[in-house]
Structure formats: C-alpha cells, structure tokens
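Coordinate inspection notes
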Amino acid sequence: MLSITNLNNSRLRLAIPIVVIFTLVFLFYADWKPINKAILTSNSSSGAIATGNTGSAPTPPPEIPADHPSPSKTKFRYSNTNTSISNIPDKVWHSAKTDSISENQRQWVNSWSSSTPECRQELLTDRSGEAFVRAYYQETRPDIVEVIETLSIPILRADLLRYLIVLAEGGYWSDLDVTLDKPLSDWVPSEYKGRNIDMIVGLEFDFAYRGPEAEVASQFCNWVFAAQPSSRNLLVVVNAVINKLKEIATANHVSIAGITLEMFKDVVNVTGPKIMTIALLESLGQLLNRTVDDRDFSGIKHPKLVGDVLIMPGVSFAAAQNGFPTDQGDALVTHHYEGSWKQADAEAKERKKQKEQEEQQAQNHQG
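The shown structure was predicted, so the numbers you read here are calculated from the model rather than taken from an experiment. (Residues numbered from 1 in each chain as written. Predicted model: local features only at pLDDT ≥ 70, side-chain atom pairs only at ≥ 80, totals over all residues. Heavy atoms only, no water.)

1. What about the overall build of the protein chain?
Helix and strand counts for the protein chain stand at nine helices and 10 strands. Buried residues in the protein chain amount to 49% of all 367 residues. Sequence-distant contacts, at least 24 apart, represent 76% of the contacts inside the protein chain between residues at least 6 apart. Summed over its atoms, the accessible surface of the protein chain is roughly 18,000 Å², and 53% of this surface lies on carbon and sulfur atoms. (Helix = DSSP H or I, 4+ residues; strand = E, 2+ residues; numbered from the N terminus. Buried < 20%, exposed > 50% of the residue type's maximum accessible area, 1.4 Å probe, protein only. Contact = heavy atoms within 4.5 Å. Areas by Shrake-Rupley, 256 points an atom, 1.4 Å probe, with all protein chains shown as cover.)

Written out as structure tokens, the structure reads:
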C-alpha cells in the first residue's frame, strides 16, 4: 500500500507537466493579440512609442474569397484625424524576429510616434505574427495559413506577413529600419483628400516605359506602404505571392517547406517589391479596364492617384535610391537599408552559380 507521502509525490509529478503545458499554450495565444506595450528606448524617460487606444479590440477578420481578387464585402470605416483618408486606419505596423530590437531600430521606430503621436503602433514577432495570420485567415484562406506556417526562408515569410497584416486590419506598414520624416498628415495632397484611396505606394525605381513587350521597368518599394482593411489591391498582391510560391514548389517537386533560395532568381520577384508592383498594375488594369504601366507614373513630380492607388514620387519613400531629387517635394521617410536578408540572398545566388558551373563542367567532360 502506498504511503501518504508517496501518493502526494505521485500527484505532484503528474501536476507539474500539466501546469507547464497550460502555461505554454497561454503564452502562445496571448502573444498574437495586438501588442499594446511601448517599444522603449534604453532611457525610458526619453519617450516611448505611442500605442493609441490600448483598450480597443482587434478588427474582425475580413471575408477573403480564395479564388477571386475582389475586396471583402465587409468594409470598415475609420475616423482619421491625421491623414484625412477615412478608410486607412491611423495604425503603423512593424515586425521583428523577437521583441528584442536594436537601439537604432528603437530610435527609427519611435520616429513614427514622435511625428504622429495620434497613431497607434504595433510590433508583431515571428510567433505572434504566425498566430495573427492563423486567427484571421484559418476559416477563409487555410492555404495562406499553410504557407506562412511552413515557409522556411525568413525574408519570404517577412514579405508575405506584411501584406497579410495590412490586408487584415489596414494601416501603414514600416520596416524597422525606416524613419518617418514628415507627419502622416502631409502625405496626401489636398486635391486627393476625401477621395477613395485604397492603397498608397512609393516609387523605389522610376524608369521610363520600355515598350509593350518589356516587363514594367519601375518598381514600388515595400518597406513602407499603406492600405485600407480588406484592400482590393493588396488582396491581388497576396494571391500573386501565394501562387508564385506554389509554382516554385511544383517546379522543383518539393513542398512549400522545401523551397530554398537557390530555386529562384531573386527574392524581389517572388515576394518582394517586383511581384508587388506587377500585381498592383494588374489590379489597376482590372479596375480601369485598360493596361496600366510605367507611362501612368514614370517621372512624376507629385503624388498621383491612378485608379484607387496613390503613387508617390521617388523622393517620398526612396530618396537615396533615386539620387535625392530636388524637384519632387520632400522625403516622407528615410530608409536606412539594414536588411539582413541580403547577405543570405547573395550567398544563395553564389551557391546556385557554382552548382550551374559544376553541372556545365560535368556535361563538358561527358561530351
């Protein structure tokens, strides 16, 4: 017969793993919710990120059709005192691997609250970002959840995650290495305030039209952009990225989890600015029932509304990339180009080049 002491010890051993399991489950699902804590500088008295109305509940997930690039029937309207764009919430989104970011990143991120203190900011980590996507898309787009949970390349996940976050709740996206130089109230010219602006993008590369047979020459950047919740245009971007990833996996006879950087030419064409640009032009073509290309915005000196997308000149979001033009107004943000993915991408390209050379040498030897 067991003694009282042995019985108590047995119960204790059983209770410990149960407590641990419940604790882990709680921490995981608590982490995805809107992050209302400030991202403090090393000196907490110097000012932290303003998080706006920290008691507000997250917007309900939009109904997103799986195979049709149209906006959700559910639309959300916001009172917007900063931008005068009624359908783009005053919320800025950031993401990081964890919530431990560098001092430089803290200063850059805090510039948003310094310039526009009314704006709410949220930082999603890898873990909370994945939970966010699951909460918003599991019922309507399980294919999206499968991709974000199995995709193993960090930069591809990061690109896709930003589109999915802003598509779900709307607002402004900013990478951690971007400084806000002008308040959001200065972004939209007076002639466009009150107009239906579904999305705001800026030119990273501004090139002239190269002819009907050439791919679009210009490119919008994706380190900063803004959109309405359930954005018609951003949904087209998401579908283009998901389809591209599935295409790469099929071509290489692997699952989404098996995709490597060596399997495609460049990140920008898979999840980055280039595929975003092409998808947006296709989306505008659907709206306007005509071809939309570089001729619609190349060389612009001021923001231009094409359909329902406000396109900013090169100086706005990418002054350095465009040679710091002096005839396009002021820079709205500064991009500090701290992207850590570039080294991994360059190494992957080098491995791919070496593999192709080895295969060519083997063929020549056999010949």
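Structure's up, so let's keep going.
2. A word on helix α7 (residues 273-288)
With 16 residues, α7 ought to run about 22 Å at 1.5 Å a step, and its terminal C-alpha atoms sit 22 Å apart, in line with that. Buried within α7 are the following residues: P273, K274, I275, M276, T277, A279, L280, L281, S283, L284 and G285. Those residues of α7 hidden inside the fold are in contact with α5 (154-169), β5 (199-205), β6 (219-220), α6 (232-251), β8 (304-306) and β9 (309-312). (Expected span 1.5 Å × (residues − 1).)

3. Digging into the nonpolar core
In terms of nonpolar packing, the biggest core is built from 58 residues, with Y137, L156, F220, L234, L245, F264 and I311 touching the most fellow members. Among the elements of the structure, α3 (126-137), α4 (142-150), α5, β5, β7 (224-227), α6, α7 and β9 are those that each provide at least two residues to this core. Formed by 25 residues, the second largest nonpolar core is a distinct cluster that contains C119, V188, C221 and F317. (Core = buried A, V, L, I, M, F, W, Y, C linked by side-chain atoms within 4.5 Å.)

4. Considering the environment of K182
If you trace the backbone, K182 turns up in the loop between β4 (178-180) and β5. Taking relative accessible area as the criterion, K182 reaches 28% and is therefore assigned partly exposed. Between the alpha carbons of K182 and T116 there is a distance of 8.7 Å; along the sequence they are 66 residues apart. For K182, the residues in contact, after removing those within four places along its chain, are W187, D330, A331 and L332.

5. Side note on helix α2 (residues 103-115)
Taking 1.5 Å of rise per residue, 13 residues should cover 18 Å, and α2 covers 19 Å from first to last C-alpha, within 8% of that figure. Contact partners of the buried residues in α2: β1 (91-96), β2 (120-125), β3 (171-174), β4, β7 and β10 (333-335).

6. Considerations on the packing of aromatic side chains
Tallied over the entire structure, the rule returns 10 aromatic pairs. Sitting above the plane of the F207 ring, R210 keeps its charged end 5.4 Å from the centroid. Sitting over the ring of Y209, R295 keeps its end group 3.9 Å from the ring centre. (Phe/Tyr/Trp six-rings, centres within 6.5 Å; stacked < 30°, edge-to-face > 60°. Lys NZ or Arg CZ within 6 Å of the ring centre and 35° of its normal.)

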